[in-house]
Each structure stands twice: as structure tokens, then as C-alpha cells.
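# Secondary and tertiary structure notes
Read off the chains here:
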Amino acid sequence: MLRKFTLLLLLPLLFVSQKSQAQRNPLLWPFADTSIWNMPIGSNAVYVDAQIQAPTRFGMTVDEDILILTPNAPMQDIYISYADWDRNKDRCLREGPLLFSAPMPDSFLVSPQNWDGLTPNSGAAILMSDGQTIKQTQPFARCSNNNVTSHYTPPDVNLFGEGIRGAHGGSGLSAIGGTIRLGELDDINDTIRHVLKVNLYAAANLYYDSSTEGYRWPAIRADGYAAGNYGTQRTNPIVQACRMGALLALPNYYDLDSMAFETIPGKILARAFLKYGAYIVDDTAWDVYAIETEWSPEGCVIEEFESAWGFPFIESNLNTPWTRDMKKIFMNLHVVDNNAPGNIGGGGKPLAPLAPPFGTTSINRLPEDAFRIFPNPTKDFIGIEAKEFNQAFSGKIFDLRGKLLKTFSVRNGIQQLNMADVAQGIYFIHLSNEKGEIFSKKIVKN
């Protein structure tokens, strides 16, 4: 399946390989170093063999996370479609009210003509105009430039925060944390430096009982059908620890060289599974393994992968070097059973260095004291006073749904806005200068 993408130069360093950076680009490597998506496995990890069963239907596939991280792009309205995962319904049809508005480039389409499968999960993470709020939704479709639909919207997260929750419906976990990104699996020298995400065939591999309800932290739920489905096709012994949200890893006492991987990307992934592990975030709903990969306006991992290695990531054949490597990894995965909020990765000495600090050139955020916004909360007018009077700033005000309400400019360091025509509620003010530096702040209208 051929997809064409246009590289968008909307933010500096938007698509620069993380390999060359001493500091982190939050667009490529998001969330705090203490986030579940960045914490390595610890030396005190307690491993329980997950006894994952061999796939019988298909060799290997992906679950593509749709990442739209272009906060300066035009705003686009997203409307409700109730088609969800019904193969007899059309996700492209607007059937309900406006969900929210979000920035996205005109050229990026996600439709039946270019997505993988009939009803993919299509979890999306979209960076809002403030450069830090991530809105997530599922199942996302953009069948034409002005026809964007989805249905479910979990609470927002911050690009620089913990980022646990999100649009993976089976678990309630993030649609961007843990995703294999462009440039991470296309070169012999690659090292993936974050936790991964996987989907398993729940009927064969996940445990359910009325006490656990089929999930564990950091998942906030299991699939709605879990009670009558999880484990019903299992032939291996029951593993109670292997539930939705479990952290899976190759144990740190494994010798990866002795496992005789046949492909370079297989070896790269094996190292990531040993040092960081992967969270179970969804059910494949058929007998196949899946890993979450990026699909964005900048490209998609599955095409980059095939171009780099000469064979496809998505492979039906159960007996190729690539699918044998994937089977070897998955069938040796163990649950890190003592993974917990105060003991992420099992505790002890991390098996890999913690994520480095964020750089200042990826998203050029002005300091918190660059502007004085007053009074805040306000009833009628709001004042905007810049610390540096010698720069001109363009300004925007958005509501919580991301809808643009006002545009203005700040010259000579000060501006006053009339907020009398705005309903009571919470809004975001966004300011940027000619250097691309941005400032954002929450404001409250009483």
C-alpha cells in the first residue's frame, strides 16, 4: 500500500532523527523521564512467564497510531461518526455533533483508501496550537480535507507530562506514548530508547476474572467483551499476571546473542523488549501479534521499514526470518509482575539510562514570565503585557475544544482584549513571535 506524504516545515526540528540529538525533541520523544513510556526495566523486576501462544493465522502486523504533531497547521473541525468498528458502516460520514477542532495539515488523509485493514483501531494523538496539549480520539478518519470524523475522546494530556492515558480503547492507554517512531527501526545502528506497545490475541493470551476484570495498572479497563472472551481459546496454562495493561519484557538474564535472531530489526526490537519492555494496550481480535507504529504527515513506519530492510513489517507468512524473530520474542516475553505506580519497571537500578532533558530548540517555548496576563480570572477585559517590548507577537485565543475564537497582535509590549462576548469558562491564550517562539497560558472567564 503506497502512501504519499509531504514534509511539513511547521516547527523547527520537527523531523530530525533523535539519534543525532544530545537533548530530547518532545515531538519525537515525548513525556517526562518518569513517565511509564520512558522508564526502563529495573534490576529488581519480578518476572512471570506470560506463556504467550504461537500465532496461527498471520505472521506479524501493526496497529498504526495516527500522530498529528503540527500545532501551526490550519484548524480542522472533527465531527462524530457512530460507525466505530462496524464493517457495514462508513466512518467517513458525519453523524453527530462537533467533537473538537484541532490543527492538521491539508494534505494528510486517513481513509479506507490508505489505511490497513477494514476497521483499524485508528487511535489518534493531535498536538494542539498551544504546543503542549495533546488531544486523543478514536477511531479517527479524514476521508477528505474537510471531512474529519471520530467518536471517543479521553481526557487531554500534556506533551511534557506523564502522558499515561489515551485513545487505545482496550486499555485506556496513550496513542502516542510507546509508539515506534520514524527513524527508530530503519538502520543497523538504531537503539529504541523507550517502552513499546503491543496488541495480543486476547482470547488466547489474556486472563480475566471478576476480581481483576481482566486488566491491571496502568490500564484503566479491559475490553467490554472481556468476561466472555479473554482466555477462551487458551491451550497453555493460565497466567493470571498476563492481563490488559501488563508490562511485558524479555528477562534481563536472557542472552540475546544466544537467541540467534535472523534479522537486524528483530535484534533491535529484542534489545528494546529487554531494557524497556512493552505494555499490552489492545486486543488484536484475531490470532496474530501486533506492535504500535507511527503513521503521521511525515510518513509511516511500515513503509520506512520495508524500504530499509527489503521485506514488509506486515507479513502473513508464519515462517519467514522476520516472523520467526517476532515469534521468538513474543513467546519468550514475561510479565513484570511488580510494575506499579511507585515501582515503574520493577524498581532497582534501571537497565538503561533515563531519558535526557528536553531541548529548547524543538518547540521554542518562552519562559513563564515572558508575559503578564491580567486579571486572570477576568470578567470583561484582559491585559497582555510583554516582558520584552521590542518584539511583535501574534496572538490567538482557543476554547477547550481547540476552536479559534479571537486573533490579535501585541505591539509595543501591551494589548488589551475585550472578553465580554466570550462565555464563562476556560480558554487558552497562545502568543508567538517571528522567531517561532511560543507562549501559552490558561485563562478563566467568570
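Residues numbered from 1 in each chain as written. Predicted model: local features only at pLDDT ≥ 70, side-chain atom pairs only at ≥ 80, totals over all residues. Heavy atoms only, no water.

Further remarks concern the overall build of the protein chain. Along its length, the protein chain carries 4 helices and 23 strands. At 23 Å, the protein chain has a C-alpha radius of gyration in line with the 22 Å of a compact globule built from 446 residues. Its C-alpha atoms give the protein chain principal-axis dimensions of roughly 70 × 50 × 45 Å. Sorting the 446 residues of the protein chain into buried and exposed places 57% on the buried side. (Helix = DSSP H or I, 4+ residues; strand = E, 2+ residues; numbered from the N terminus. Rg over C-alpha atoms; globule rule 2.2 N^0.38 Å. Buried < 20%, exposed > 50% of the residue type's maximum accessible area, 1.4 Å probe, protein only.)

So, about the pairing of strand S6 (residues 133-137). In terms of burial, S6 is largely enclosed, as 5 of its 5 residues are buried. Of the two faces of S6, the one carrying Thr133, Lys135 and Thr137 and the one carrying Ile134 and Gln136 are both buried. Note: strand S5 (residues 124-127) against S6, 4 bridges, orientation antiparallel. Looking at the pairing, Leu127 lines up with Ile134 of S6. Bridge count for S6 against strand S9 (residues 157-158) is 2 bridges, and the pairing is antiparallel. Paired with Ile134 across the two strands is Val157, which belongs to S9. (Pairing = 2+ DSSP bridges.)

Let us now look at the sheet that holds strand S21 (residues 414-418). Sheet strands line up and pair through hydrogen bonds in the backbone, either parallel or antiparallel. Reading across the sheet, the 3 strands line up as S17-S18-S21 and stay open at both edges, with antiparallel pairing between neighbours. Looking along the sheet, the strands with just one partner apiece sit at the ends: strand S17 (371-374) and S21. When strand polarity is set aside, the average angle formed by the axes of neighbouring strands in this sheet is 15°. Sheet topology places S17 next to strand S18 (residues 381-386); 4 bridges connect them, and they run antiparallel. (Axes fitted to C-alpha atoms, helices over the stretch in contact; angles between N-to-C directions.)

Our next topic: the confidence of the model for the protein chain. Here the protein chain averages 91 in pLDDT, while 93% of its residues score no lower than 70. Of all helices and strands in the protein chain, the one with the weakest mean pLDDT is strand S23 (residues 438-445) (82), whereas strand S12 (residues 247-249) scores best (99). The low-confidence segment residues 4-21 (pLDDT under 50) makes 52 contacts with residues lying over four places distant or belonging to another chain. (pLDDT = per-residue confidence, 0-100. Contact = heavy atoms within 4.5 Å.)

This paragraph deals with the sheet that holds S23. If you walk across this open sheet you meet the 4 strands as S20-S19-S22-S23, and the pairing is antiparallel. The open sheet has two edge strands with one neighbour each: strand S20 (404-410) and S23. Taking the axes of each pair of neighbouring strands and ignoring which way they run, one obtains an average angle of 20° across the sheet. Judged from the 8 bridges that link them, strand S22 (residues 425-432) and S23 form a sheet pairing that is antiparallel. Paired with Ser432 across the two strands is Ile438, which belongs to S23.

So, about the environment of Thr119. Assignment of secondary structure puts Thr119 in the loop between strand S4 (98-103) and S5. For the pair Thr119 and Pro139, spaced 20 residues apart in sequence, the C-alpha separation works out to 8.7 Å. Those residues within four positions of Thr119 in sequence are excluded, and the remaining contacts are Trp85, Asp86, Arg87 and Arg91.

What follows covers the nonpolar core. The biggest cluster of nonpolar side chains holds 69 residues, and the ones touching the most others in it are Phe140, Leu269, Phe273 and Ile291. No other element matches helix H2 (residues 264-275), which puts 6 residues into this core. Core analysis: the next-biggest nonpolar cluster, separate from the first, contains 30 residues, Ile36, Leu67, Tyr276 and Val336 among them. (Core = buried A, V, L, I, M, F, W, Y, C linked by side-chain atoms within 4.5 Å.)

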